[in-house]
Amino acid sequence: MHSMREKTQDERDLLERARSLVPALKARTAQADKDLKVPVESVVELQSAGLLRALQPKAFGGYEVDPRTFFEIQTILAEGCMSTAWIYGVMGVHPWQLARYPIEAQREVWADDHSALICSTYMPAAKVTVVEGGYRISGRWGFSSGSEHCQWVFLGGILPPDGEMAAEHGTFLLPRHDYQIEHNWDVMGLRGTGSHDIVVEDVFVPAHRVQRTNNWTLEATPGRLVNTNPIYAIPFAQVFSRAVSTSAIGALQGAINEFRDNAAKHIGKHGARTAEDPVAQTAVAEAMVTVDSLRLVLERNYEHLMTLARDGEYPDTETRLLYRYQSAYVTNICAERANDLLRSMAASGLYNTNPVARLFRDLHQARGHIANNYMAYGRSYGAVMLGLPNPDPYV
């Protein structure tokens, strides 16, 4: 990704390490799909390279990189394996959220192990009971990507009103011994993400391990008093939503790479060369323009968000809705471009062993995430542009 800003040496090193992992990740894609789990060795390599600590506070062994570098790492990894890039986005963004929690919670997770990993599922499924010192919760949550690799989990629920704070979405942080993983992930694409269900039965969660997810105030994000880097002042929805869409940009680039390699040498049964097919030529050109455009929008949006964060300002409603819509739009347009590439490979492209076919499945699976429902976010943005109130309480 060509950047309009100067990267630090740490950022350049992390990007180089990510690029070096791509061949091995690509070689393990079939195993990840078969096992319904990214191989342990891949996660160990991400950890050893420091990639999963990219957004982690420096006080706990992290790098505190600009979010644009974090997402560039994710796109690079996706060229090799979208499932790996997907769980990288999810597990890798959680240190950013934990950095906003009270320092007690950060110490519980990282004091003895800076490499501790957190999975998540934010659906507001928790049955919440207020008790002295915190909450008791129970429930079942779906789609916890990378859960088998993690020692902690973030779980969603609705927090009751508290003084001047209204009822709102909250994130509960639980250690591994407080929840069970129910292995039920067997799907079309992103099979290696292992996005299983999480089950909790009447567990106590102390108040310092609970956060009002979308509340930007220092009262709700006291970790920002300790971790003062402006990256931690960006609104939650503007960071997490990109963590579950940006891998699609790298996956489309990976499909382009595979398609170009195949088309350059493929001759069909009737003697037609794919490279000479106008449909194939148009498909690859449009896919490449799409990748370029999506990268530029991401770069521009985070340049603005970082400027606002440095100035202590909160993005206005129109900006938040536009950026949210643009994030959700990514998986849709990348899946459509993958459609075009796969169609241009004709019957020979339909084998499951074809890397473009696998990326096609992964991209369409990614479209199903609620954060990638681009039509819903488009309607919200359009409604405000037409003078109506913002219908989305989470943006």
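In every chain, residue numbers begin from 1 and rise along the written sequence. It should be noted that, the model being predicted, local features are given only for residues of pLDDT at least 70 and side-chain atom pairs only at 80 or more, the latter also being counted only at that level, while totals for whole chains, interfaces and linings use all residues. Only hydrogens and water are removed before side-chain values are computed, so all heavy atoms of the structure are retained for them.

### Quick word on the sheet that holds strand β4 (residues 168-175)
Next up, step 1: Only when DSSP finds a minimum of two bridges between them are two strands counted as paired. In this text, helices come from DSSP runs of H or I with a minimum length of four residues, and strands from runs of E with a minimum of two, each type numbered from the N-terminal end. Across the sheet, 7 strands lie side by side as β5-β6-β2-β1-β3-β4-β7; this open sheet has mixed pairing. The open sheet terminates on both sides in strands that have one partner only, identified here as β5 (180-182) and β7 (210-212). Adjacent strand axes in the sheet meet at a mean angle of 25 degrees, parallel and antiparallel pairs treated alike.
Next up, step 2: Direction of pairing for strand β2 (residues 134-144) relative to strand β6 (residues 196-206): antiparallel, over a ladder of 8 bridges. Note that in β6 the partner of G139 across the bridge is V200.
Next up, step 3: Against the sheet, helix α5 (residues 82-98) contacts β1 (118-131), β3 (152-159), β4 and β7, and its axis sits at roughly 45 degrees relative to β1. Between N-to-C directions, angles span 0 to 180 degrees; the directions come from axes that are lines fitted to C-alpha atoms, helices contributing only their stretch in contact. In this description, contact between two residues means that some pair of their heavy atoms is separated by no more than 4.5 Å.

### Here's the deal with the packing of helix α8 (residues 247-263) against helix α9 (residues 278-310)
Between two packed helices, what matters for the description is the angle formed by their axes and the separation of those axes.
Next up, step 1: Between α8 and α9, the shortest axis-to-axis distance is 10 Å and the interhelical angle comes to 150 degrees. Classified by the interaxial angle, the pair formed by α8 and α9 is roughly antiparallel. When you trace α8 past α9, the crossing you get is left-handed. Residues I249, L252, Q253, I256, F259 and R260 of α8 touch α9, and the partners they reach there are A280, V284, A287, M288, T290, V291, L294 and R295. Working definition: roughly parallel below 35 degrees, roughly antiparallel above 145 degrees, roughly perpendicular at 65 to 115 degrees, and oblique for all remaining angles. Helix crossings are classified by the rotation of the near helix relative to the far one: an anticlockwise turn of less than a right angle makes the crossing left-handed, while a clockwise turn makes it right-handed.

### Brief notes about the nonpolar core
Next up, step 1: Here, nonpolar core refers to any group of buried Ala, Val, Leu, Ile, Met, Phe, Trp, Tyr and Cys residues whose side-chain atoms link them within 4.5 Å. The buried label goes to any residue with under 20% of its type's maximum accessible area, the exposed label to any with over 50%, and the partly exposed label to all in between, with areas taken from a 1.4 Å probe on protein chains only. Membership of the largest hydrophobic core comes to 108 residues, with the highest contact counts inside it found for L51, I137, L174 and L341.
Next up, step 2: The element contributing the most residues to this core is α9, with 11 residues.
Next up, step 3: With residues near it in sequence (within four places) discarded, I137 still touches A126, K127, V128, L155, F172, L174, V200, E201, D202, V203 and V205.
Next up, step 4: In this structure, L321, A328, Y377 and V384 belong to the second largest nonpolar core, which totals 5 residues.

### Quick notes on the side chain of T121
Next up, step 1: Structurally, T121 is set in strand β1.
Next up, step 2: For T121, a relative accessible area of 4% gives the class buried.
Next up, step 3: Here a polar contact is recorded for every N or O atom pair within 3.5 Å, except that within protein the pair must consist of a potential hydrogen donor and a potential acceptor, and residues adjacent in sequence are included only if both atoms are side-chain atoms. At a separation of 2.7 Å, a polar atom in the side chain of T121 contacts the main-chain carbonyl oxygen of G142.
Next up, step 4: Setting aside chain neighbours within four positions, we find T121 in contact with W141, G142, F143, S144, F154, L155, G156 and I198.

### A look at the layout of surface pockets
Next up, step 1: Lining residues are those with an atom within 4 Å of a point, where the points come from a 1 Å grid over the protein atoms alone and group into cavities, where a 1.4 Å probe fits but cannot get out, or pockets, open sets with protein on both sides within 12 Å along at least five of seven lines. Grid points are joined across faces, edges and corners, and a volume is the space filled by probe spheres set on the points. Looking at the largest pocket, its volume works out to about 910 Å³.
Next up, step 2: Lining the largest pocket are 36 residues; nearest its centre among them are Y122, F240, H369, I370 and A371.
Next up, step 3: Counting only elements with at least two residues in the lining of the largest pocket, the list comes to α5, β1, β2, α7 (236-243), α11 (355-367) and α12 (374-385).
Next up, step 4: For the lining of the largest pocket, the leading source of residues is β1, giving 5 residues.
Next up, step 5: Of the residues belonging to the lining of the largest pocket, the class tally is 19 nonpolar, 15 polar and 2 charged. In this count, Pro and Cys sit with the nonpolar residues alongside Ala, Val, Leu, Ile, Met, Phe, Trp and Tyr, while Asp, Glu, Lys and Arg are called charged and the others, Gly among them, polar.

### So, the pairing of β3
Next up, step 1: The buried fraction of β3 amounts to 7 of the 8 residues, a majority that puts the element mostly inside the structure.
Next up, step 2: Here β3 pairs with β4 via 8 bridges, running antiparallel. Paired with V153 across the bridge in β4 is L174.

### Describing the packing of aromatic side chains
Next up, step 1: Centre distance within 6.5 Å is the pairing criterion for rings of Phe, Tyr and Trp, where only the six-membered ring of Trp is used; planes under 30 degrees apart are then read as stacked, over 60 as edge-to-face, and the remainder as tilted. As enumerated under the stated definition, the model contains 14 aromatic pairs in all.
Next up, step 2: Consider the rings of F60 and W110, whose centres lie 5.3 Å apart with planes at 40 degrees: the pair is tilted. Of this pair, F60 sits in the loop between α3 (40-48) and α4 (67-80) while W110 is found in helix α6 (residues 103-110), placing the two residues 50 residues apart along the sequence.
Next up, step 3: Accessibility expressed as a relative area gives 9% for F60, which makes it buried.
Next up, step 4: Classification of W110 as buried rests on a relative accessible area of 1%.
Next up, step 5: Feature note: the residues F70, F71, Y88 and Y302 constitute an aromatic cluster, connected by ring pairs.

### Some words on the pairing of β6
Next up, step 1: Along β6, 8 of the 11 residues are buried, which leaves the element largely enclosed by surrounding structure.
Next up, step 2: Looking at chain direction, β5 and β6 are connected through 3 bridges and run antiparallel. By the bridge assignment, Q180 is partnered in β6 with V199.

Interpretation note: all reported values are geometric properties and have no functional meaning in isolation.
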